[in-house]
Amino acid sequence: MTTSPFGRVLTAMVTPMRPDGSLDRGGAEAVVEHLLATGHDGIVVNGTTGESPTLTSDESLQMVEWVVAAAAGRAKVVAGVGSNDTRHAVAMAESAARAGADALLLVSPYYNKPTQPGLIAHCRAVADATDRPVLLYDIPGRTGIPFATQTIIELAGHPNIRGVKDAKGDLWAASQVMAATDLLWFSGADEVNLAHLAQGATGIVSVVGHVAGKRYAEMVAAVDAGDLATARRIHTDLIPITEALMNTSQGAIMAKAALAELGIIEHATVRLPYVEGSAADLDKLRAALAQTDLA
């Protein structure tokens, strides 16, 4: 069985908030307990679904501290430390490591669109800052810049860069990198979890895992066992909830709504520029939860 310093079944957890927009520690602890009870061996904090762009540095660090304390060694805690300012990303990495994060999630710098040599230098600087394993996060739809295949292969030579969270969706590029390196590969888009796992990915970093963690743990185990029929059935069964969470408004918005529907958190509050889901979105979510027997 594949071992991983990040875990294998991970969810990029939401950042629970009170109606006034302040962080909700009790809600965060409840989400951690829920994830641990539903098949997860890793939790990503301060990722995209955690609304990291609207968290202050102090809030991000507070979330790492809370999640580390709540997980209490029962799952790997992977802290998002991405920034479009390398100095800030280095500082965030150092702070997260001091707070007890097991690993770091590093997204490519957004908006300023560096060259690939600049991207390499950025990632190496952050990876040099601590002894924690680093999971590169490739999501060009949000950052405006992809990790080129050769860039990832070059970065694989750094001893602390251990894996990739792939939300780019280029399955052929993923195959090339997995063939050329020892990097651990993680699907970063629930729509293609099965495809990535079937071609050798280590695991998943999910949004739908907020409500379907046990199903995804079963999918990973089925692929490990060579039982693709079972893995395909799980994939097909989860189409309605994947569609409701990922293709309605935004994953963070709908994941919070789903957790509120299930009574895990009290409020589905999000920060502007996000707004809570519409009545139609919530109706679709409730129907999907019922259809997939997750309600």
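For every chain, the first residue of the written sequence is number 1, and numbering continues from 1 along that sequence. Totals for whole chains, interfaces and linings use every residue, but because this is a predicted model, local features are given only for residues with pLDDT of at least 70 and side-chain atom pairs only at 80 or more, for both listing and counting. Values shown for side chains rest on all heavy atoms present in the structure; no hydrogens or waters enter the calculation.

Named according to an unreviewed UniProt entry, the protein chain is 4-hydroxy-tetrahydrodipicolinate synthase originating from Nostocoides jenkinsii Ben 74. As its UniProt record puts it under Sequence similarities (unreviewed entry), the protein chain is described as follows: "Belongs to the DapA family." UniProt, in the comment section headed Pathway (unreviewed entry), describes the protein chain in these words: "Amino-acid biosynthesis; L-lysine biosynthesis via DAP pathway; (S)-tetrahydrodipicolinate from L-aspartate: step 3/4." UniProt positions are given in the numbering used here, feature names are shortened, and annotations may be inferred rather than shown by experiment.

Turning our eyes to something else, we now look at the overall build of the protein chain. Secondary structure elements follow DSSP: runs of H or I of four or more residues count as helices, runs of E of two or more count as strands, with numbering from the N terminus. A count of helical and extended segments in the protein chain gives 13 helices and 8 strands. Computation of the radius of gyration draws on C-alpha atoms, with the globule rule given as 2.2 Å multiplied by the number of residues to the power 0.38. Relative to the compact-globule value of 19 Å for 295 residues, the protein chain shows a C-alpha radius of gyration of 18 Å, a close match. By principal-axis analysis of the C-alpha atoms, the protein chain measures approximately 45 × 45 × 35 Å. Think of it in three bands: with a 1.4 Å probe and only protein chains considered, a residue is buried below 20% of the maximum accessible area for its type, exposed above 50%, and partly exposed in between. Buried residues in the protein chain amount to 54% of all 295 residues. Here a residue-residue contact requires only that any non-hydrogen atoms of the pair lie within 4.5 Å. In the protein chain, the share of contacts with a sequence separation of at least 24, taken over all contacts with a separation of at least 6, comes to 72%. The protein chains shown are the only cover counted for residues, whose accessible areas, like all others here, come from Shrake-Rupley with a 1.4 Å probe. Carbon and sulfur atoms form 52% of the exposed surface of the protein chain, whose accessible area is close to 11800 Å². The charge count treats Lys and Arg as positive and Asp and Glu as negative. His and the chain ends do not count. Where a charge lies is defined by one atom per residue type: Lys uses NZ, Arg uses CZ, Asp uses CG and Glu uses CD. Between the averaged position of the 22 positive side-chain charges in the protein chain and that of its 32 negative side-chain charges there is a distance of 2 Å.

Reported here for the largest pocket is a volume of approximately 630 Å³. Note on definitions: the grid is 1 Å and covers protein atoms alone; a cavity is a set of points where a 1.4 Å probe fits but cannot get out; a pocket is an open set with protein on both sides within 12 Å along at least five of seven lines; lining residues have an atom within 4 Å of a point. Forming the walls of the largest pocket are 26 residues, and the residues nearest its centre are E51, S52, P53, T54 and Y110. Residue assignment for the lining of the largest pocket shows that the elements contributing at least two residues are α2 (57-71), α3 (86-98), β4 (103-107) and α5 (140-143). Gly is put with the polar residues, along with every residue not named as nonpolar or charged; the nonpolar set is Ala, Val, Leu, Ile, Met, Phe, Trp, Tyr, Cys and Pro, and the charged set is Asp, Glu, Lys and Arg. In terms of residue class, the lining of the largest pocket is made up of 11 nonpolar, 12 polar and 3 charged. Taken as a whole, the second largest pocket encloses approximately 330 Å³ of empty space. Surrounding the second largest pocket, 21 residues form its lining, I139, R142, G188, V207 and M246 being those nearest its centre. Looking at the lining of the second largest pocket, the elements that each hand over two or more residues are β8 (203-206) and α12 (251-261). Grouping the constituent residues of the lining of the second largest pocket by class yields 10 nonpolar, 7 polar and 4 charged. Grid points are joined across faces, edges and corners, and a volume is the space filled by probe spheres set on the points.

Residue count minus one, scaled by 1.5 Å, sets the expected span of a helix. In this model helix α13 (residues 279-291) runs 18 Å from its N-terminal to its C-terminal C-alpha over 13 residues, within 8% of the 18 Å that 1.5 Å per residue would give. Looking at the residues trailing α13, positive phi occurs at D293, about 60 degrees.

In the sections that follow, a salt bridge refers to a side-chain nitrogen of Lys or Arg positioned within 4 Å of a carboxyl oxygen of Asp or Glu. Applying the stated criterion across every chain yields a total of 12 salt bridges. In this structure, the salt-bridge partner of R87 is D85, at a minimum N-O distance of 3.6 Å. R286 is paired through a salt bridge with D283; the nearest N and O atoms lie 3.3 Å apart. Highlighted residues: R286 and D283, both in helix α13, separated by 3 residues, approximately one helical turn. On the basis of relative accessibility, which here comes to 38%, the residue R286 falls in the partly exposed class. In the salt-bridge network here, residues are joined through shared partners; they are E261, D283 and R286.

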